[in-house]
Every structure is written in C-alpha cells, then in structure tokens.
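# Reading the structure
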Amino acid sequence: MDLTAKQVVVTGGAKGIGGAAVTRFLEEGACVTVLDMDEKQARERLVNFEDRSFFIHCDVSKADQVKGAFNQIDVRFGAVDVLVNNAGIQRYSTVTDTTEEEWDLVMNVNLKSAFLCSKYAIPLMQKRGKGVVINVASVQSFITQRKVAPYTTSKTAMLGLTRSIAVDYAPDIRAVAVCPGTVDTPMLRWAANQSPDPEEVYREVREMHLTQRIAEPVEIADLILYLSSDKAAFITGQAIRIDGGLGLVVAGSVRQ
Ligand code: NAD
C-alpha cells in the first residue's frame, strides 16, 4: 500500500477505530488531518508526527464547522486524497422512547457528518483527479440489536450514501463502507459501563462472534488503509463486513 504523501482526513481520529487509522496512515507515510472534539487525545496521538499531521477542533455534525475545517485544509494542503468518515456515537433506545433531540443527535453525528465532510472533501479530491471516501458504518447496517433504533438507522443509511458517492463520482472517486462487528474502543467501554456488570457484557459480546473474541481497532484500521490504497482500485460502492462472523449463526441452533 503506497500511501506516502497522501492527504488523508479522518473524522473522530482522536481515539478508537479512527485513532488507530490515524496512527496506521501516519506509519505508512501519509499526511493526516484529524477532525475531532477531543483535542487532548488527538494531540497525544499526533505528537511524533507533527510535520505530517494537523488537528482541527471540529464538531463534524455542524455544517459551519465542517465547511471551515475544509477551508483550512484547502489553504494548507490544496487537496484531499482520502476521507474517512468515522466519527460516531451510540445511544440506546427504541422508536417509542427515543426523543426527537436524541434522534437528531445520532443522525447528525453519524450520518449528516459523513454527508457534510464528503460535500466539502470531494471538490478537493477533484482537484487531484481522484480520491477515496471510506464510510465507517457497522454490522448494524445489516443486523440489529435491541434498542438501538437511531444508531442502526444511521448506519444503514450510510450504505446508501456510499453507493450514491460511488455512482455520482465514478470513475475518479471511489466510496466504500466498512462495517465492523464489535471493536474494543472507548465507545464499547462506555456501552459496557451502562450495565451493572461491564465484564459480563464483554464476555457475552465476545461469545456472539464466531471468532469468540472482539476486534482490536488496528484490525479495522488496516482494512481502511487497504481500501484507501490503489490495491483496492476495483472496489467501489460496496459495504465490506469485518465482523468476526457476528450474526451468521441461526438463532437457537445447537452448538456441536
Ligand atoms: P469512540 O467513541 O471510541 O471514538 C469516536 C471518536 O469520534 C472520538 O474521538 C470522539 O471524540 C469523536 N467524535 C464523536 N462525536 C464527534 C463529533 N460530533 N465531531 C467530531 N468528532 C466526534 O468510537 P469507536 O468505537 O472508535 O467508533 C468509531 C466508528 O466506528 C463509529 O462511527 C462507530 O459507530 C463505528 N463502529 C464502532 C464499533 C465498535 O464496536 N466500537 C462497531 C461498529 C461500528
């Protein structure tokens, strides 16, 4: 994967999956701009790569902030090669107990942010003549746990956004959705801590995967890097699951 000197933008790149992707892109020689609201963790991650990294404090669900961030990127670098729409949040509720505010929050952070960042990144890719948009969706784009109505809706819609970008900007720009199973990140720790027994949550979640374990963030990051590279030049418009076989077992089937 030759990512040397590629201009990469990662949303939610301070920690978790986005953080691992930022580190891997930097290790492979790319120049990386992180859009996040967690300045402390982002700066810690970028400390050894100050010549090739840039942090912009940005709430990616807010149109004015996203527009301002890509203006800064344009002035500083003049182009974008890869956009990773990774920032996301989880909330637990059914349709009837989700408030309008909570619905809007999840949709805006998970989905509208990907629309906004793509809207401002694609013209900077067109200056280059090519580019790649990676949307971090979820296995919940295909299957749904209980009480995650806004989350699973936002992640399913990301597949439509991915297809639209792939169709509208081909052949120069590719778009691919990455759909992880459970990954050991601060988001998962937050989710487990909603339960009185977080360790039991981790145990149950591990067992849901055919791999009997959850993923490390770097495993998702490596797929993101591959899909961003010219090695994946024939992949576009697709949703790629990286989920340890989560959801493949027929419910109630007996284990041998
Ligand atoms: P995380 O909470 O560990 O990290 C998310 C990062 O996004 C943080 O740095 C946070 O500050 C940033 N962020 C959140 N809202 C933001 C906003 N409005 N503007 C800018 N930055 C913002 O999450 P994670 O587990 O690494 O998840 C990353 C992505 O992967 C999300 O889209 C998530 O839905 C998806 N995903 C995660 C899992 C999992 O098991 N962890 C599984 C499938 C999909």
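As the structure is a prediction and not an experimental result, all values here were calculated from the model.

### Brief notes about the overall build of the protein
For the protein, the helix and strand inventory stands at eight helices and seven strands. Counting over 256 residues, the protein shows a buried share of 50%. In the protein, 69% of the contacts between residues at least 6 apart in sequence involve partners at least 24 apart. For the protein, the accessible area works out to roughly 12500 Å², and carbon and sulfur atoms hold 53% of it. One way to put it: in the protein the 28 positive side-chain charges average out to a point 3 Å from where the 31 negative ones average out.

### Quick look at the site of the ligand
Surrounding the ligand, one finds 27 residues, the nearest of these being Asp-36, Asn-86, Tyr-151, Val-183 and Thr-185. Within the side chain of Asp-36, an N or O atom sits 2.6 Å from an oxygen atom of the ligand. Protein burial of the ligand: of its 830 Å² of free accessible surface, 92% is covered by the chains. Elements with a contribution of two residues or more to the shell around the ligand: helix H1 (16-27), helix H5 (149-169) and helix H6 (186-192). Partitioned by chemical class, the residues of the shell around the ligand number 14 nonpolar, eight polar and five charged.

### As for unusual backbone geometry
At the junction of Ala-170 and Pro-171, the peptide bond is cis and its omega measures out at 5° in the coordinates. Mapped onto the elements, Pro-171 comes out in the loop between H5 and strand E6 (173-180). At Lys-147, a residue that is not glycine, the phi angle is positive and equals roughly 65°. On the secondary structure map, Lys-147 appears in the loop between strand E5 (131-136) and H5.

### Quick look at the packing of aromatic side chains
How two aromatic rings sit relative to each other is set out by the distance from centre to centre and by the angle between their planes. All chains considered together, the criterion is met by two aromatic pairs. Summarising the aromatic geometry, the rings of Phe-54 and Phe-77 are spaced 5.8 Å apart at their centres and angled 75° between planes, so their arrangement reads as edge-to-face. With Phe-54 in strand E3 (residues 53-57) and Phe-77 in helix H3 (residues 63-77), this pair connects stretches of sequence that are 23 residues apart. Overall, Phe-54 belongs to the buried group, its relative accessible area being 12%. Residue classification places Phe-77 among the partly exposed positions, given a relative accessible area of 26%. For the pair Tyr-92 and Trp-190, a centre-to-centre distance of 6.0 Å together with 20° between the ring planes defines the contact as stacked. Here Tyr-92, found in the loop between strand E4 (82-85) and helix H4 (100-128), pairs with Trp-190, found in helix H6; they are 98 residues apart in sequence, far enough to count as distant.

### Focus on H3
If you check H3, its first and last C-alpha atoms are 21 Å apart, about what 15 residues at 1.5 Å a residue would give, namely 21 Å. Buried residues of H3: Val-66, Ala-69, Phe-70 and Ile-73, and no others. The arc that holds every buried residue of H3, seen down its axis, measures 90°, which confines them to one face. Within H3, the exposed residues directed more than 90 degrees away from the buried face are Asp-64 and Val-75. Taken together, the buried residues of H3 touch strand E1 (7-11), strand E2 (31-36), E3, E4 and H4.

### Details of the state of the cysteines
Enumeration according to the criterion identifies zero disulfides in this entry. Of all cysteine sulfurs, the one in Cys-117 lies closest to Cys-58, which takes part in no disulfide; the gap is 6.4 Å. For Cys-58, a relative accessible area of 2% puts it in the buried group. Free cysteine Cys-179: the closest other cysteine sulfur is in Cys-117, separated by 18 Å. Look at Cys-179 and you get buried, because its relative accessible area is 0%.

### A word on the pairing of E3
Taking burial as the measure, the five residues of E3 include four buried ones, the bulk of the element. Sheet analysis places E2 next to E3, joined by five bridges and oriented parallel. Its bridge partner lying in E3, Val-34 is registered against Phe-55. Where the polypeptide runs from E2 across helix H2 (residues 39-46) and back to E3, its parallel neighbour, the crossover connection is right-handed.

Basis of the calculations
For every chain, the first residue of the written sequence is number 1, and numbering continues from 1 onward in sequence order. Reporting of local features is limited, given that this is a predicted model, to residues whose pLDDT is at least 70; pairs of side-chain atoms are given and counted only at 80 or more, and all residues count toward the totals for whole chains, interfaces and linings. Working from all heavy atoms in the structure, the side-chain values ignore hydrogens and water. Put simply, DSSP marks the helices as runs of H or I at least four residues long and the strands as runs of E at least two long, and each gets a number from the N terminus on. Buried means the residue's accessible area, taken with a 1.4 Å probe over protein chains only, is under 20% of the maximum for its type, while exposed means over 50%, and partly exposed covers the values in between. Throughout, a residue-residue contact means that at least one pair of heavy atoms, one from each residue, lies within 4.5 Å. Here the Shrake-Rupley method, with its probe set to 1.4 Å, supplies the accessible areas, and only the displayed protein chains count as covering residues. In this tally, Asp and Glu contribute negative charge and Lys and Arg positive charge; neither His nor the terminal groups of the chain are included. Taken as the charge centre is NZ of Lys, CZ of Arg, CG of Asp or CD of Glu, depending on the residue. Neighbouring residues are identified by heavy atoms, a residue being near a molecule or strand if any of them is within 4 Å of it. Here a polar contact is taken to be a pair of N or O atoms separated by no more than 3.5 Å, where protein atoms must pair a possible hydrogen donor with a possible acceptor and residues adjacent in sequence count only if both atoms sit in side chains. Throughout, the ten residues Ala, Val, Leu, Ile, Met, Phe, Trp, Tyr, Cys and Pro are labelled nonpolar, Asp, Glu, Lys and Arg are labelled charged, and all others, Gly among them, are labelled polar. Two rings from Phe, Tyr or Trp (for Trp, the six-membered ring) form a pair when their centres are within 6.5 Å of each other. A pair whose planes differ by under 30 degrees is stacked, one over 60 is edge-to-face, and the rest are tilted. The span you would expect from a helix comes to 1.5 Å times its residue count less one. Arc, as used here, means the arc of the directions from the helix axis to the C-beta atoms. The criterion for a disulfide is a pair of cysteine sulfur atoms lying within 2.5 Å. Note: two strands are recorded as paired if DSSP finds a minimum of 2 bridges between them. With the strands aimed away from the viewer, a crossover counts as right-handed if its path from the first strand over the helix to the second runs clockwise.

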